[in-house]
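# Chains, contacts and geometry: an overview
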Amino acid sequence: MSEKKSYGFTTTILHSDRQKPIEHGSLHKPVHTSVAFGYTDARQLASVFQGKEPGFRYGRQGNPTVSALEDKITRMEDGVATLCFATGMGAIGAVFQALLKAGDHVVSSSFLFGNTNSLWQTVAGQGVGVAFVDATDVANVEAALTPATRIVFVETIANPRTQVADLARIGQLCKERGILYVVDNTMTTPFLFRPKAVGAGLVVNALTKSIGGHGIALGGSLTDTGVYDWSVYPHIAPNYKKNPPAMWGIVQLRAKALRDFGASLGPEAAHHIAVGAETLALRMERASSSALALAAMLEADQRVAAVHYPGLPSHPQHALAGDLFRAYGALFSFELKDGIDCFDYLNRLTIAISASNLGDTRTLVIPVAHTIFFEMGAERRASMGIAESLIRVSVGIEDTADLLADFQAAL
Ligand SMILES: *Cc1c(COP(=O)(O)O)cnc(C)c1O
């Protein structure tokens with residue numbers, strides 16, 4: 001398969017490993033479990049250590065199986081380089097570890113994955129200012145910028161209330177101000193949306209979710225899209241400026257975050273995720289169309305108070321989502337009317353499973369306020385638009401008719 005020709009998403013992913021020589025012609029990249037990598041010429045080992053030639057040295061900084069997955073994600077995001085981490089949070093934490101210093105400022109969407117929200121609170125306690133804004137309107141982001149703002153951080157479709165960030169306008173604003181734009185693409189995945197198209201410099205993917213897809217491995221990634229000009233970033237250490245500027249960010253992230261903090265992805269997990277990624281497009285198509293059918297069915301029912309899904313015309317960013325995304329995603333949330341207890345409802349479902357996690361092949365449901373958003377308290381939940389009865393649904397790849405019947409019967 002020629003590197004130059006442009007193929008569709010799934011063809012590209014399936015044949016990604018073969019772009020580089022694979023051991024014994026093996027069709028799957030083998031799982032390399034070795035921690036150390038030996039050299040017959042000690043000078044070559046030194047040269048690899050000094051970054052003068054490519055090669056592996058120690059498993060924490062890189063591994064051939066992980067590196068094949070990194071290449072695959074780079075292709076998915078149409079980026080220039082990717083780093084994998086043990087979890088999605090490991091990838092987001094790396095941005096803080098490698099790129100921010102006390103006195104810096106971050107503007108973040110307030111509609112965030114709960115643990116990312118918690119991470120930014122931690123960061124705020126370590127001398128980095130964090131402003132939380134309603135990122136569905138670029139004006140709020142612009143108003144929060146200060147001369148010390150280094151990073152703007154948003155999710156594409158926020159989990160669990162599905163607000164869609166003003167992605168393109170925020171990208172334009174960041175470009176004008178030379179600010180690094182970091183977009184968490186977990187909910188859309190590179191199949192539905194490429195943040196590079198709206199000017200994101202770094203893209204986060206929680207590989208644990210739809211990319212791996214089967215709920216059997218944790219992982220996260222950061223992709224440098226090549227859009228951001230690292231030569232204007234103030235905190236690149238002189239050491240890392242020996243490389244071409246396009247590589248400064250990823251080189252510093254690899255050393256200062258992955259190497260020094262050590263949240264490395266293991267080769268077995270990388271293998272599971274790479275196999276899962278082969279069917280990402282097929283799964284996202286099925287799950288997105290089932291999510292739309294379920295959301296529409298629930299919205300039409302008298303017993304349901306509200307349904308949040310970008311695919312519904314009632315969603316405030318429905319038109320924007322339609323312009324940006326290939327489909328509206330596998331995740332929606334809804335609120336039952338007062339008479340129905342959300343726990344009773346969940347217990348009546350027979351296919352959907354009460355469990356944390358999303359992007360699984362199985363449909364998973366969770367009472368948000370009582371679980372993943374419990375720790376933050378009622379006040380912060382209210383500010384994020386999280387109702388106490390909110391149920392989050394991560395739609396799997398079961399047959400659509402079975403899911404419709406399950407959610408209907410439980411009402
Ligand atoms: C799950 C998730 C993460 C974190 O990923 P983990 O692999 O669980 O650490 C980050 N962002 C979003 C949007 C997520 O859904």
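Residues numbered from 1 in each chain as written. Predicted model: local features only at pLDDT ≥ 70, side-chain atom pairs only at ≥ 80, totals over all residues. Heavy atoms only, no water.

### Examining the site of the ligand
Just so we agree on the cut-off: Any residue with a heavy atom positioned within 4 Å of a molecule or strand is treated as near that molecule or strand. N or O atoms closer than or at 3.5 Å make up a polar contact, with two conditions inside protein: a donor-capable atom paired with an acceptor-capable one, and, for residues adjacent in sequence, both atoms drawn from side chains. Under the convention used here, a 1.4 Å probe and the Shrake-Rupley method define accessible areas, while residue burial counts only the protein chains that appear. Strands are runs of DSSP state E lasting at least 2 residues, helices are runs of H or I lasting at least 4, and numbering of each runs from the N terminus. Here the nonpolar group is Ala, Val, Leu, Ile, Met, Phe, Trp, Tyr, Cys and Pro; Asp, Glu, Lys and Arg are the charged ones; every other residue, Gly included, is treated as polar.
Gly88, Met89, Asp184, Thr208 and Lys209 are the nearest of the 14 residues found near the ligand. Here Gly88 contributes a backbone N or O atom positioned 2.8 Å from an oxygen atom of the ligand. Between Asp184 and the ligand, the recorded distance is 2.7 Å, taken from a side-chain N or O atom to a nitrogen atom. When the ligand sits alone it has 380 Å² of accessible area, and the protein chains cover 93% of it. Broken down by element, the residue count for the shell around the ligand peaks at 3 residues, all from helix 4 (residues 88–99). Here the shell around the ligand is composed, by residue class, of 5 nonpolar, 6 polar and 3 charged.

### Observations concerning helix 15 (residues 400–410)
The condition that has to hold: Burial classification: accessible surface area is computed with a 1.4 Å probe over protein chains only, and a residue below 20% of its type maximum counts as buried, one above 50% as exposed, and the rest as partly exposed. Relevant arc is that of directions from the helix axis to the C-beta atoms, nothing else. Whether two residues touch is decided by their heavy atoms; if any such pair falls within 4.5 Å, the residues are in contact.
Along helix 15, the residues that are buried comprise Leu403, Asp406, Phe407 and Ala410. Considered in projection along helix 15, the buried side chains sweep an arc of 90° and stay on one side of the axis. Relative to its buried face, helix 15 has exposed residues pointing more than 90 degrees away, namely Ala401 and Ala409. On its buried face, helix 15 sits against helix 11 (280–299), strand 9 (331–336), helix 13 (342–348), strand 11 (364–367) and strand 12 (390–394).

### Description of the sheet that holds strand 8 (residues 304–308)
Cut-off, in case you're wondering: By this definition, two strands are paired if DSSP reports at least two bridges between them. Between the N-to-C directions of two axes lies an angle of 0 to 180 degrees, each axis being a line fitted to C-alpha atoms and, for a helix, fitted only over the stretch in contact.
A sheet is described by the order of its strands in space; here 5 strands give the open sequence 8-9-12-11-10, paired in mixed fashion. Of all the strands in the sheet, just strand 8 and strand 10 (353–354) have a single pairing partner and so form its edges. Across the sheet, helix 11 touches strand 8 and strand 9, and the angle it forms with strand 9 is around 15°.

### Description of the side chain of Asn357
Along the chain, Asn357 turns up in the loop between strand 10 and strand 11. Not counting the four nearest positions on each side in its chain, Asn357 is found in contact with Thr208, Lys209, Gly215, Leu364, Arg392 and Ser394.

### Remarks on the packing of helix 3 (residues 64–77) against helix 10 (residues 267–277)
A pair of packed helices can be characterised by two numbers: the angle between their axes and the separation between those axes. Quick reminder of the rule: In this scheme, a crossing is called left-handed if the near helix is turned counterclockwise away from the far one by less than a right angle; it is called right-handed if the turn is clockwise.
Taken N-terminus to C-terminus, the directions of helix 3 and helix 10 make an angle of 35°; their axes are 8 Å apart at the nearest point. For the crossing formed where helix 3 meets helix 10, the hand is left-handed. From helix 3, Thr65, Val66, Leu69, Lys72 and Met76 reach across to helix 10, where they touch Pro267, Ala270, His271, Ile273, Ala274 and Ala277. Its residues assigned to classes, the contact of helix 3 with helix 10 shows 8 nonpolar, 2 polar and 1 charged.

### Side note on unusual backbone geometry
Negative phi characterises most residues that are not glycine, and trans characterises most peptide bonds. Cis geometry is found at the peptide bond from Asn159 to Pro160, where omega equals 10°. Along the chain, the position of Pro160 falls in the loop between strand 4 (149–155) and helix 7 (167–177). At Asp78, a position not held by glycine, the phi torsion is positive, near 55°. Along the chain, Asp78 falls in the loop between helix 3 and strand 1 (81–85). Phi is positive for Asn357, which is not a glycine, with a value near 100°. Owing to a relative accessible area of 19%, Asn357 belongs among the buried residues under this scheme.

What is shown is where atoms sit, not what they do.
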